[in-house]
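Here's the letter readout for the chains.
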Amino acid sequence: MAQFPLSLAALLASALALAGCGSSSDGPVEVALIGDAESVFSESLRMSHAAQHVRAAITQGLVGLDENGDAIPALADRWIVTDDGRSYIFRLREGTWPDGSELTGESARDALRRVLRQLRGTSLGFDLAPVAEIRAMAGRVVEIRLSSPQPSMLQLLAQPELALTREPGMGPMAIERDGESALVTYLRPEERGLPQVERWDESVRALRVRALPARAAVDRFYAGELDFVLDGRVEYFPLVDTGPLSRGTARLDPTIGLFGLQVVEQTGLLADNYRREALAMAIDRAALMSRLNVSGWTPSNRLVAAGLPGDQGAIVERWQGVSMAERRAEASRRIAGWKAENGLTEPPILRIAMPEGPGSELLYARISADLAQIGIAPQRVPYREDADLRLVDRVARYPAAQWFLNQFHCRLTRDICSPAADAIMEEAAIEADASVLAELLVEAEVELTTANVFIPFGQPLRWSLVRGGASGFAANRSAFHPLPPMALVPN
């Protein structure tokens, strides 16, 4: 068995060790999350990525995430994973729930079961399909049994939606709303049902979290009013100063996820996968982000990110050995054939929905030029309007093929999907043999790829702005930057 003995006492000791120079009396750390107050401070179970940062600060599940994206103790202070990867056994910390009742294996089991019921029908619900049983064991021990191995289960359990209570008091932090902003402060250990810690107030400071539009957040950062700007996306990247004088303030996350065009309409030119593939062939992914001046961005035409755990290299990039000119010639032939079959002389119009922002304008200019070369007449429409193709820009919650494949489940979308791929994923959710599971995931990816329901571009672009000397931030694959580490007083 793999053991992960991680104690809360060790974390508290580490926090106190950071208490040297600063104190909470220096004023709050100023943090901006890009978005409006309604989305950033949402209490809905279906929340924006920005809101996930707030929810994770004021609620807790069995485990949480640190600034590097690694699982850390929360309500559980240690855990064991069996060698077959199908049993996760958690030992809960001593403490109480907000109502003062004891935190036990039974109460944690019941809370987790409630959360799983609430998540049914969501993408996270499909990700959690391998959970076969949740058992309360002796005292403060709870076991999660899986029907199929899931190496990323800890990252999945650390998602803010998996918090075991949304009541205040579990922490680690508390929130006090004030219009478009909120004061977020660490709860004292004894307020969370934990032993008292001396000099606790000297080790932490408050955060002022603001919901701001991207342009306002960037302007206020460069005016010296903010320490962090989080949740930056491709549409507003041109607002960021990437020149030599600003070196170190703009941080790019090494993300994985979905970035490309989802096929929405299922009639006309897009009715069959042969013509949908023509659109995918026409996009020059290597040149796509050139006008945004993004260094290190990785283009890809695969639906699932390469190199994930269990990836045996069975699927490679499409159209290897075929030049861009050859791809566009074949794509043009297919579009011309469709026009001839339908007696058309004008280029077919395709409506492409994209969010507002200068980055979107640059991205659309590149996409529209590529599609025009094969005889398409692109037309940009607002993101929420009816469209033929819609930009999808979504970071993976955890590094596994299941996340990518579950995003296209027919029960989650009204867009083009693949019932055959869904059936394969249902089989994968109960497959105990790791090698067979890997084969099923390959089959599902092949099914979705050949159906051409999605035109991948490469990795999503996520950026943050970080004041020099600010602590508690690290770029990571999930682009999730927890607030509690930012509230620790640095040396």
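Model, not experiment: these values are computed from the prediction. (Residues numbered from 1 in each chain as written. Predicted model: local features only at pLDDT ≥ 70, side-chain atom pairs only at ≥ 80, totals over all residues. Heavy atoms only, no water.)

Another point: the sheet that holds strand 14 (residues 257-263). With mixed pairing, 5 strands are arranged side by side in an open sheet as 16-15-17-14-18. Each edge of the open sheet carries a strand with a single partner, namely strand 16 (377-382) and strand 18 (454-456). Sheet twist, expressed as the mean angle between neighbouring strand axes with direction ignored, is 30°. When strand 15 (residues 349-354) meets strand 17 (residues 389-395), the two strands line up parallel, connected through 2 bridges. (Pairing = 2+ DSSP bridges. Helix = DSSP H or I, 4+ residues; strand = E, 2+ residues; numbered from the N terminus. Axes fitted to C-alpha atoms, helices over the stretch in contact; angles between N-to-C directions.)

Here the focus is the confidence of the model for the protein. In this model, the protein carries an average pLDDT of 90, and 92% of its residues clear a pLDDT of 70 or more. Confidence, expressed as mean pLDDT per element, reaches its minimum in the protein at helix 1 (residues 8-17) with 38 and its maximum at strand 16 with 98. Taken as a whole, residues 4-25 scores under 50 in pLDDT and shows 45 contacts with residues more than four places along the chain or in a different chain. (pLDDT = per-residue confidence, 0-100. Contact = heavy atoms within 4.5 Å.)

Attention now goes to the sheet that holds strand 9 (residues 173-178). The strand order across the open sheet built from 7 strands is 9-10-11-2-12-19-13, with neighbouring strands paired in mixed fashion. At either margin of the open sheet sits one strand with a lone partner, and together these are strand 9 and strand 13 (250-252). Taking the axes of each pair of neighbouring strands and ignoring which way they run, one obtains an average angle of 20° across the sheet. Note that strand 13 and strand 19 (residues 462-466) share 3 bridges and pair antiparallel. The residue bridging Leu252 from the neighbouring strand is Trp463, located in strand 19. Lying over the sheet, helix 3 (residues 49-58) contacts strand 2 (29-34), strand 9 and strand 12 (228-233), oriented at roughly 125° with respect to strand 9.

Moving on: empty space enclosed by the protein. A complete count under the given rule lists 1 cavity of 30 Å³ or more for this structure. Estimates place the volume of the largest cavity at around 40 Å³. In this structure, the largest cavity is lined by Asn301, Arg302, Leu303, Arg318, Leu448, Thr449, Phe454 and Pro456. Contributions of two or more residues to the lining of the largest cavity are made by helix 14 (434-451) and strand 18. (1 Å grid on protein atoms, 1.4 Å probe; cavity = no way out; pocket = protein on both sides within 12 Å on 5 of 7 lines; lining within 4 Å. Points joined across faces, edges and corners; volume = space filled by probe spheres on them.)

This brings us to the pairing of strand 8 (residues 141-146). One face of the sheet, then the other: side chains in a regular strand alternate in exactly this way. Counting buried residues in strand 8 gives 5 out of 6 residues, a clear majority hidden from the surface. Two elements, strand 6 (residues 87-92) and strand 8, share 5 bridges in a ladder whose sense is antiparallel. Looking across to strand 8, one finds that Tyr88 is bridged to Ile144. With 5 bridges joining them, strand 7 (residues 131-136) and strand 8 adopt antiparallel strand pairing. Bridge pairing in strand 8 places Val131 opposite Leu146. (Buried < 20%, exposed > 50% of the residue type's maximum accessible area, 1.4 Å probe, protein only.)

The sheet contact formed by strand 15 and strand 16 spans 6 bridges and is parallel. Counted as the bridge partner of Ala353 is Val381 from strand 16. The handedness of the strand 15 to strand 16 crossover, carried by helix 11 (residues 358-372), is right-handed. (Right-handed = clockwise from strand over helix to strand, strands pointing away.)

In this section: the side chain of Asp422. With respect to the helices and strands, Asp422 occurs in helix 13 (residues 419-428). With no salt bridge to any partner, buried Asp422 finds its closest opposite charge in Arg411, at an N-O distance of 7.9 Å. Setting aside its immediate chain neighbours within four residues, Asp422 contacts Phe408, His409 and Cys410. (Lys, Arg positive; Asp, Glu negative; His and termini not counted. Salt bridge = Lys/Arg side-chain N within 4 Å of Asp/Glu carboxyl O.)

Relative orientation of the contacting elements helix 8 (residues 273-282) and helix 10 (residues 324-341) amounts to 145°, with a least axis distance of 8 Å. For the pair helix 8 and helix 10, the crossing hand works out as left-handed. Facing Tyr274, Arg275, Glu277, Ala278, Ala280, Met281 and Ala282 of helix 8, the residues of helix 10 in contact are Met324, Arg327, Arg328, Glu330, Ala331, Arg333, Arg334, Ile335, Gly337, Trp338 and Glu341. Residues of the contact of helix 8 with helix 10, tallied by class, amount to 9 nonpolar, 1 polar and 8 charged. (Left-handed = near helix turned anticlockwise from the far one by under 90°. Nonpolar A, V, L, I, M, F, W, Y, C, P; charged D, E, K, R; others polar.)

This brings us to the packing of helix 13 against helix 14. Relative placement of two packed helices is described by the angle separating their axes and the distance separating the axes. At a minimum axis distance of 9 Å, the contact between helix 13 and helix 14 shows a crossing angle of 165°. When the axis of helix 13 is compared with that of helix 14, the two are roughly antiparallel. Judged by the sense of rotation from one axis to the other, the crossing of helix 13 with helix 14 is left-handed. Two secondary-structure elements touch here, helix 13 through Ala420, Ala421, Ile424, Met425, Glu427 and Ala428 and helix 14 through Leu437, Leu440, Leu441, Glu443, Ala444, Glu447 and Leu448. Classifying every residue of the contact of helix 13 with helix 14 gives 10 nonpolar, no polar and 3 charged. (Parallel < 35°, antiparallel > 145°, perpendicular 65-115°, else oblique.)

You will see that Asp231, though not glycine, has its phi angle at about 75°, which is positive. Here Asp231 lies in strand 12. Backbone geometry places Ala479, a non-glycine residue, at a positive phi of 55°. By secondary structure assignment, the location of Ala479 is in the segment after strand 19.

Moving on: helix 10. Compared with the 26 Å implied by 1.5 Å per residue over 18 residues, the 26 Å span of helix 10 between its first and last C-alpha is a close match. Listed in full, the buried residues belonging to helix 10 are Met324, Arg327, Arg328, Ala331, Arg334, Ile335, Trp338 and Lys339. One side of helix 10 holds all its buried residues, which, seen down the axis, span an arc of 140°. In helix 10, the exposed positions that point more than 90 degrees away from the buried face belong to Ala325, Ala340 and Glu341. (Expected span 1.5 Å × (residues − 1). Arc of directions from axis to C-beta.)

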